[in-house]
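Structural overview for review
What follows is the residue order along each chain.
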Amino acid sequence: MHSWLLLLLPLHALASTTQLRGVPSELAARYSPSRKGSGDVWSCLDGSKTIEWSAVNDDFCDCPDGSDEPGTSACPNSQFYCVNEGHIGSFITSTRVNDGLCEPECCDGSDEAPGVCKNICKEVGEAYRERVNAERKLRKTGSKIRSTYTAFAQKEKKRIEQELAQTEQEIVVREKEVTRLKDLVQRTESLSAAALEARRESPLYQSLITHVTALKSLRREYEKHLEREKALGDILDNLRTGYNPNYQDMAVLEAVRGWEALAGLPHINDVAKDDTAAEGSDNQPDQEEEEAVDDDLWTASELEYQLDELLEDSDYDSLLIEHDKHVGAPASPTSILYNLSAYIPDSLVPQWEALRDQIVTVLAAFGLAKTSPDISADVSRLQKSLSDAEHSLGLTRKERDEKEKELNRLFDPEWYGSEGEWKKLDGTCLEKEVGDYIYEVCLFDEARQKPTKGGSTFSLGRFESWNNAAGVEKGSSEYYGRQRYTRGAKCWNGPQRSVTLAMSCGTENAVLSVSEPEKCEYEFKVTSPALCLPLSAAEQGGISVGKKEEL
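The sections below set out a description of the structure shown in this document.

The rules behind the values
- Residues numbered from 1 in each chain as written.
- Predicted model: local features only at pLDDT ≥ 70, side-chain atom pairs only at ≥ 80, totals over all residues.
- Heavy atoms only, no water.
- Helix = DSSP H or I, 4+ residues; strand = E, 2+ residues; numbered from the N terminus.
- Buried < 20%, exposed > 50% of the residue type's maximum accessible area, 1.4 Å probe, protein only.
- Contact = heavy atoms within 4.5 Å.
- Areas by Shrake-Rupley, 256 points an atom, 1.4 Å probe, with all protein chains shown as cover.
- Core = buried A, V, L, I, M, F, W, Y, C linked by side-chain atoms within 4.5 Å.
- Pairing = 2+ DSSP bridges.
- Axes fitted to C-alpha atoms, helices over the stretch in contact; angles between N-to-C directions.
- Phe/Tyr/Trp six-rings, centres within 6.5 Å; stacked < 30°, edge-to-face > 60°.
- Lys NZ or Arg CZ within 6 Å of the ring centre and 35° of its normal.
- Salt bridge = Lys/Arg side-chain N within 4 Å of Asp/Glu carboxyl O.

The next thing to look at is the overall build of the protein chain. Along its length, the protein chain carries eleven helices and 14 strands. The 551 residues of the protein chain split such that 30% are buried. Restricting to contacts in the protein chain with at least 6 residues of sequence separation, those with at least 24 account for 49%. Of the accessible surface of the protein chain, which amounts to about 35,200 Å², a share of 53% is contributed by carbon and sulfur atoms.

Listed below in structure tokens is the structure:
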């Protein structure tokens, strides 16, 4: 447009062609006055008020939303836009306008009066573009490494699924084996129980049980007599200490004298007399001799302390079986048939037992064998096989549960990420030596503090979670930007140690620095390719200069 044509335009139209100070280009069209009567007016951006056009940027706040003062500090709720030609435009709060300070967000100095701040946007823009290009290059390299991590996760998924399928098949086989062995044990135990019941009918066992019953009955009567003797003794003791000898009641006197003689007590009237004589008598040998006991008989102490154990704790069935083993059964034509089952594979036992029974039946028909062999050895062997099979089944089930847990965590955002990018680094240990210590973190496991000059290693905590701060979305870059390790060794006179990993994109998995912002609360700055996301299409296209950035 030729400059002379501007003279032909009305003043309000001329005003609208000039961009107001502090207004971004996308809002410039809304800062155009309207003609009303003989003057120009303008409406606040929220439509709440209409003011004179001359009141815009007059350093007095007229609009409730502060939109009439985009280029001054009059409205505290307004924002000032810095064009920053050669760099990126940005907003600052209006309170920072015309405060005499050169704001770094306004590299063109437009927030202050002309001449106060130098326009350095060219230099700032060049430095910014170099930094962004370096970051883009870093992300591009790191994202390639990250892609190998995600490919590893896919391979791990296939591996775990294959192993899980094999484990499930193994569990089915082991469950069948356990069921088979349980059936064998039950059938063998039923035969063993029948044989044991037959032995219980023997005269020796019946006589043993009769004697045990008699002993228990005698013990019951003996305990009754002990209780009555104790009660009678208490009565006589009370009579001895409480009777009056002056009454000369001969019946009472004879009862007291008789009790003293039986219990070995001194006469009650002589107890307090002649202590010296009593002391002398203490040195005399005891004239009363303990009744001699035959060597084969139990003493009173043994009866008191060992009889109950003998009667209550003895397993007479086991004693009967041990008796059979001690005596020894004569060899029979069928003994080798029953013992042979201990030397053949378990899978062939049912077929062998069927054949064995047929052979024994034929031998028994000719009077050459008995059909009631001792099968306790078979029971013990089968029970051990069953126990081993159940143990193996339990281990296999535990292995399956571990694989299922590993598979579920593989693409869980709270563990290895939605793409599984962190699985490759599970258990990877990173170290950083600082002063007299080496600080180590094994990802998803534990962080430690190890002295370089000898001493104890302290746990700084075990993996707890990613960034679980309020407002942080799971799976976002901010979420994976921090890792928490808690419940470490307790500090002296302080809290339990803990670590926060502040993580960022890098071409290497490394600890850059270690700090202790609070007592026993550490922060590791860590880089990892797992955080290097691929560049978007807009980012690959380059950096756009002059677009606004809201701060």
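Moving on to the nonpolar core. In this structure, Trp422, Val441, Trp466, Val499, Leu501 and Phe524 are the most contacted members of the largest nonpolar core, which totals 29 residues. For this core, the element with the most residues is strand β11 (residues 498-505), which contributes four residues. Non-local contacts of tryptophan 422, meaning those with residues more than four positions away in its chain, are made with Trp415, Tyr416, Gly417, Phe444, Trp466, Tyr480, Met503, Ser528, Ala530 and Leu531.

Despite not being glycine, asparagine 98 shows a phi value in the positive range, around 55°. Structurally, asparagine 98 is set in the loop between β5 (90-93) and α2 (121-199).

Right, let's get into the sheet that holds strand β8 (residues 446-451). With mixed pairing, the eight strands of this open sheet are ordered in space as β6-β7-β8-β9-β10-β11-β13-β12. The open sheet has two edge strands with one neighbour each: β6 (429-434) and β12 (510-518). The sheet shows a mean angle of 25° between the axes of neighbouring strands, direction not considered. Sheet topology note: the β8/strand β9 (residues 458-466) ladder contains four bridges and is antiparallel. In the strand pairing of β9, arginine 448 is matched with serine 459.

Here we come to the packing of aromatic side chains. Within the structure shown, the criterion is met by 16 aromatic pairs. Taking the centre distance of 5.8 Å and the plane angle of 45° together, the rings of tyrosine 439 and tyrosine 522 count as tilted. On the criterion of sequence distance, the pair formed by tyrosine 439 in strand β7 (residues 437-442) and tyrosine 522 in strand β13 (residues 521-528) is long-range, its members being 83 residues apart. Of the two residues, tyrosine 439 and tyrosine 522, neither departs from the other in class, the shared state being buried. Consider the rings of phenylalanine 463 and tyrosine 485, whose centres lie 5.7 Å apart with planes at 65°: the pair is edge-to-face. Pair noted here: phenylalanine 463 is in strand β9 and tyrosine 485 is in strand β10 (residues 482-486), with a separation of 22 residues, a long-range link. By relative accessible area, tyrosine 485 is classed as buried at 0%. Taken together, the aromatic side chains of Trp415, Tyr416, Trp422, Phe444, Phe463, Trp466, Tyr479, Tyr480 and Tyr485 make up a single cluster linked through ring pairs. The side chain of lysine 424 reaches across the aromatic face of phenylalanine 152, ending 4.6 Å from its centre.

Looking along a regular strand, one sees the side chains alternate between the two faces of the sheet. Most of β13 is tucked away, with six of its eight residues classed as buried. With eight bridges connecting them, β11 and β13 associate as parallel partners. Counted as the bridge partner of leucine 501 is phenylalanine 524 from β13. Here β12 runs beside β13; their pairing, made up of six bridges, is antiparallel. Along β13, the bridge assignment pairs glutamate 518 with glutamate 521. Linking two consecutive strands that pair antiparallel, namely β12 and β13, is a turn of two residues; a positive phi of about 65° is found at cysteine 520 within it.

This part is about the pattern of salt bridges. Oppositely charged side chains may form a pair once their charged atoms are brought near each other. What the rule picks out here adds up to 32 salt bridges. In this structure, arginine 180 engages glutamate 177 in a salt bridge whose closest nitrogen and oxygen atoms are separated by 3.0 Å. Here glutamate 177 and arginine 180 lie together in helix α2, a separation of three residues that amounts to about one turn. What makes glutamate 177 partly exposed here is its relative accessible area of 28%.

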